[in-house]
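Summary of the model geometry
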Amino acid sequence: MNTTELERDFQNKIDNEIRIEPKDWMPDNYRQTLIRQISQHAHSEIVGMLPEGNWITRAPSLRRKVALLAKVQDEAGHGLYLYSATETLGIERDETIEDLNSGKAKYSSIFNYPTLTWADIGAIGWLVDGAAIMNQVPLCRCSYGPYARAMVRVCKEESFHQRQGYEIMLTLCRGSEAQKNMAQDALNRWWWPALMMFGPSDSDSPHTAQSMKWKIKRFTNDELRQKFVDITSPQADFLGISIPDDNLKWNEDEGHYDFGEPAWEEFYDVIRGNGPCNAERLNARKKAYNEGSWVREAALAYAKKKSNSENLVQVA
Amino acid sequence: MSKRSWPLWEVFIRSKNGLHHKHVGSLHATDSQMALENARDVYTRRNEGISIWVVESKSITASDPAQGEELFEPAADKIYRHPTFYKLPDEVKHI
Ligand SMILES: [Fe+2]
Ligand SMILES: [Fe+2]
């Protein structure tokens, strides 16, 4: 078959909701798009552990501590499922990690913001994991099999993350005045970065059309952002704190909330590396990688020695 | 510093007795013991399994999707292998 026929067959499969598996023929752009998207997703899970890890030792109770530990451990797992999915596209794990460490690969810009108070852990679970779920649920039907399957596992686990976050917010909002203020402050700082997690407006998102045609994406950035605002606004009302957007109001005719435009200059600035914690996050990753190198080496040496001596026993 | 990466392993989990082990994903480990331990941490954090198999990925031989037709097409027209091929009167019960 020539390339045109292969491409036609490929698109036919996608149109008929037949998943693409690792050994199937795929256009090079499809492969490259997936490698970029899945590895960035993996990096986001891994870097995302850092802002929350910051509060594990200072969680206010044992109950909160075990929950946060379990959540952060889940995020490590999510990173691993996704690195595995990336590898099925023919790229080595080491190469993927090197791209993160060298700054070549990106991760979600949300993790370049600091976690200043305990309420931030509540706001992250509620809003950041909430936005992640909104993005990830449609990815369970992504045309690429290994990515879709990884997303099914991830989505099953995310729901506890969001609920534990909202529970933290609820406890603070039903607590003292100072606690409620802390929750409001966290919402003020996390709201806009959370909206930016869905990516630029559709008009500034040149790859959306191709990704939708390939069924990597099922909804546009703006559609998902709207859904998120519609679902989250009543949850803020229930907490009794207010979303920091003067333009936010229910639109009876549309059946949706109207809301303001995120500050996109800030979004692009953080992506360019100028967010409050970009350098800190990347340095933490590099430090962990470099300081762990002797462990990786030693484990390999040990495995080699063990298999040598097992072979000797078998020979004898 | 040498850049030798750990081998890749495929992980299979039996969720409960009576069911097959099912492929769940892959991971890197230096040997089978470490692969088992990592599989436990990565793939069974919520009682997903009671038994784990790990197989080094390079030991798996897979069929080629490009040969899909010659491998699997011959079964498609053998409808006489299915019970519905045989038409029996409605009066005949339990068959
Ligand atoms: Fe996650
Ligand atoms: Fe999460």
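Residues numbered from 1 in each chain as written. Chains lettered and ligands numbered in written order. Predicted model: local features only at pLDDT ≥ 70, side-chain atom pairs only at ≥ 80, totals over all residues. Heavy atoms only, no water.

**A word on the overall build of chain A**
- What chain A contains, in helices and strands, is 13 helices and two strands.
- Taking 20 Å as the expected radius of gyration for a compact globule of 316 residues, we find that chain A reaches 22 Å, a close match to that expectation.
- Structurally, chain A occupies a C-alpha span of about 75 × 50 × 35 Å along its principal axes.
- Long-range contacts, defined as pairs at least 24 residues apart, comprise 77% of the intrachain contacts of chain A with a sequence gap of at least 6.
- Entry remark: accessible area of chain A is about 15400 Å², with carbon and sulfur atoms responsible for 54%.
- Between the averaged position of the 38 positive side-chain charges in chain A and that of its 45 negative side-chain charges there is a distance of 7 Å. (Helix = DSSP H or I, 4+ residues; strand = E, 2+ residues; numbered from the N terminus. Rg over C-alpha atoms; globule rule 2.2 N^0.38 Å. Contact = heavy atoms within 4.5 Å. Areas by Shrake-Rupley, 256 points an atom, 1.4 Å probe, with all protein chains shown as cover. Lys, Arg positive; Asp, Glu negative; His and termini not counted. Charge placed at Lys NZ, Arg CZ, Asp CG, Glu CD.)

**With respect to the overall build of chain B**
- Counting secondary structure elements, chain B contains two helices and three strands.
- Computed over the C-alpha atoms, the radius of gyration of chain B is 21 Å, more than 25% above the 12 Å expected from 2.2 N^0.38 for a compact globule of 95 residues.
- Its C-alpha atoms put chain B at 75 × 35 × 15 Å along the principal axes.
- Looking at the 95 residues of chain B, the share that counts as buried comes to 23%.
- Within chain B, counting contacts between residues at least 6 apart in sequence, those at least 24 apart form 43% of the total. (Buried < 20%, exposed > 50% of the residue type's maximum accessible area, 1.4 Å probe, protein only.)

**Considering the coordination of the iron ion (ligand 1)**
Residue and element names in this part refer to chain A.
- E45 (OE), E75 (OE), H78 (ND1) and E158 (OE) make up the full set of protein donors to the iron ion (ligand 1), lying at 2.1 to 2.3 Å.
- Bound by four donor atoms, the iron ion (ligand 1) shows angles of 81 to 153° at the metal and therefore irregular coordination geometry.
- Positions of the donor residues of the iron ion (ligand 1), expressed as sequence spacing, correspond to E-x29-E-x2-H-x79-E.
- Between the two metal centres, the iron ion (ligand 1) and the iron ion (ligand 2), the spacing is 3.3 Å, with E75 acting as a shared donor. Separated by 33 residues along the polypeptide, E45 in helix α2 (residues 28-47) and H78 in helix α4 (residues 62-87) bring together distant segments of the chain. (Donors = N, O, S within 2.8 Å, 3.2 Å for Na, K, Ca; no water. Tetrahedral: all angles 85-135°; square planar, octahedral: opposite > 155°, others 65-115°.)

**Considering the coordination of the iron ion (ligand 2)**
- Donor atoms from the polypeptide that bind the iron ion (ligand 2) are E75(A) (OE), D129(A) (OD), E158(A) (OE) and H161(A) (ND1), placed at 2.0 to 2.2 Å.
- Coordination at the iron ion (ligand 2) is irregular: its four donor atoms span angles of 84 to 166° at the metal.

**Remarks on the side chain of N101(A)**
Residues and elements named next belong to chain A.
- Relative to the helices and strands, N101 is located in helix α5 (residues 93-101).
- When its relative accessible area of 12% is taken as the criterion, N101 is described as buried.
- If we ignore the near neighbours within four places in the chain, the residues touching N101 are L282, R285, K286 and Y289.

**Digging into the confidence of the model for chain B**
All names here are of chain B.
- Predicted confidence across chain B gives a mean pLDDT of 92, with 97% of residues reaching 70 or more.
- Within chain B, no element has a lower average pLDDT than helix α2 (residues 68-76), which sits at 88, and none a higher one than strand β3 (residues 51-56), at 98.
- With a pTM of 0.93, the predicted complex shows an ipTM of 0.89. (pLDDT = per-residue confidence, 0-100.)

**A short note on the packing of helix α7 (residues 145-173) of chain A against helix α10 (residues 221-239) of chain A**
- The interhelical angle for the contact between α7(A) and α10(A), taken along N-to-C directions, is 30°, at an axis separation of 9 Å. For the pair α7(A) and α10(A), contact is made by Y166(A), M169(A), L170(A) and C173(A) and by Q235(A), F238(A) and L239(A), respectively. (Axes fitted to C-alpha atoms, helices over the stretch in contact; angles between N-to-C directions.)

**What about the pattern of salt bridges?**
- Enumeration according to the criterion identifies 28 salt bridges over all chains in this entry.
- When the shortest N-O distance is used, the salt bridge between E157(A) and R46(B) registers 3.5 Å. Highlighted residues: E157(A) in helix α7 and R46(B) in the loop between α1 (32-43) and β3, drawn from two different chains.
- Exposure remark for E157(A): the relative accessible area of 3% places this residue in the buried category.
- With a shortest N-O distance of 3.9 Å, K287(A) and E291(A) are connected by a salt bridge. Highlighted residues: K287(A) and E291(A), both in helix α12 (residues 278-291), separated by four residues, approximately one helical turn.
- Several salt bridges converge on common partners, so that one network encompasses E17(A), R19(A), K215(A) and R218(A). (Salt bridge = Lys/Arg side-chain N within 4 Å of Asp/Glu carboxyl O.)

**Looking at the interface of chain B and chain A**
- Listed as interface residues are 23 residues of chain B and, on the opposing side, 25 residues of chain A.
- Across the interface of chain B and chain A, roughly 2100 Å² is buried in total on both sides, 48% from carbon and sulfur atoms.
- Linking chain B to chain A there are six salt bridges.
- The interface formed by chain B and chain A holds 10 residue pairs in polar contact (both at pLDDT 80 or more) in total.
- For the side of chain B that touches chain A, the per-class residue count stands at 10 nonpolar, seven polar and six charged. (Buried area = accessible area lost by both parts, 1.4 Å probe. Polar contact = N/O pair within 3.5 Å; in protein donor to acceptor, adjacent residues only side chain to side chain. Nonpolar A, V, L, I, M, F, W, Y, C, P; charged D, E, K, R; others polar.)

**Focus on the nonpolar core**
All names here are of chain A.
- In this structure, Y30, Y144, Y147, W190, W191 and F228 are the most contacted members of the largest nonpolar core, which totals 91 residues.
- No other element matches helix α6 (residues 118-139), which puts 12 residues into this core.
- Leaving out residues up to four positions away in the same chain, Y30 has contacts with F10, I14, I20, S143, Y144, W214 and I216. (Core = buried A, V, L, I, M, F, W, Y, C linked by side-chain atoms within 4.5 Å.)

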